[in-house]
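Topology and contacts: notes
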Amino acid sequence: MDILETDAYDKRRRRNMSCALLFSLLPFFLSSALYFYLWTPDSVPSVVSAGVKAAPTLLLAMVVLSWNGGQSVLGVAGGLIFSAVGDCCLVWPELFIHGMGAFAVAHLLYSVTFLSSRYATYSSSSSSLNRFLHLVLVIVGGAFYIYLFPFLQKTPNSDLLTPGVGIYFILITVMAALAVRTRHVATLLGSLIFMVSDASLALQVFKVLPPIEHGQIVVMVTYYLAQLLIAVGDIKAVQDKDDFSKWKRS
């Protein structure tokens, strides 16, 4: 098979993979649409509302497992499962700390995955840019926590929330910083959008801003988008690694 035939074959295979991936993501898109169609932010928390909220994230975990196999349970798929647990907890305001803990575990699993061999490490030519981006993330994350600090002190359980939110922000900042080194656009965008979603949620939960119309919709749209990009980025990373391994063997 000459170079032109190989190139055409690779393009065809990648196109078929993209179509298959899009098809496998249909349940996620449908469940997300159902969540927003049934949007009732003022309704009484229930198991049903928790299930509808967590369904898109769980379906994403199933997609990652189907593409990447059981090893992803300790990676992105596992992070998505813990995120679904967090989704359920946040339906009940009194379980906010438990939900934050579940998402913290999710960020830890994402971080471990971004350090794995399936993701390419950055080269020396891009290390300066990566260090700059890491510095920006640390500054932004730290500044946001400092800004949030006096509002955390006013919460009824400030003794738990103040250090808990601080640890959480460290974990999500580390996760985003490690996403930079992966050099996968979807992974990086997903991590950054996750930070935006959590920042929006914090501003509303801790009453930093007055009630915002459709504020929770902004949180959930950015949240689902972030999880989708992280999941797709992980699937693409595995596929790219497999392609590179085949190329080396040939």
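Cut-offs used in this document
- Residues numbered from 1 in each chain as written.
- Predicted model: local features only at pLDDT ≥ 70, side-chain atom pairs only at ≥ 80, totals over all residues.
- Heavy atoms only, no water.
- UniProt positions renumbered as here; feature names shortened; annotations may be inferred.
- Helix = DSSP H or I, 4+ residues; strand = E, 2+ residues; numbered from the N terminus.
- Phe/Tyr/Trp six-rings, centres within 6.5 Å; stacked < 30°, edge-to-face > 60°.
- Buried < 20%, exposed > 50% of the residue type's maximum accessible area, 1.4 Å probe, protein only.

Per an unreviewed UniProt entry, the protein chain goes by the name lysoplasmalogenase and belongs to Xiphophorus maculatus. Here the protein chain is described in UniProt, under the heading Sequence similarities (unreviewed entry), as follows: "Belongs to the TMEM86 family." Under the heading Subcellular location (unreviewed entry), UniProt records this for the protein chain: "Membrane".

**Some thoughts on the UniProt feature "transmembrane region" (unreviewed entry) in the protein chain**
Taken from the UniProt record, the annotation "transmembrane region" (unreviewed entry) applies to residues 20–38, 44–65, 72–93, 99–120, 132–148, 160–180, 187–205 and 217–238. Structurally, residues 44–65 is divided into 86% helix and 0% strand, and its ends, taken at the C-alpha atoms, are 33 Å apart. In the segment residues 187–205, helix accounts for 100% and strand for 0%; the C-alpha atoms at its two ends are 27 Å apart.

**With respect to the packing of aromatic side chains**
Aromatic ring pairs are defined here through the distance separating the ring centres and the angle between the ring planes. Enumeration over the complete set of coordinates arrives at 17 aromatic pairs. Here Y35 and F36 contribute two aromatic rings whose centre-to-centre distance is 5.2 Å and whose plane-to-plane angle is 75 degrees, an arrangement assigned as edge-to-face. Residue classification places Y35 among the buried residues on the basis of a relative accessible area of 12%. An aromatic cluster of three or more residues is present, and its members are F28, F29, Y35, F36, W39, F103, F194, Y223 and Y224.

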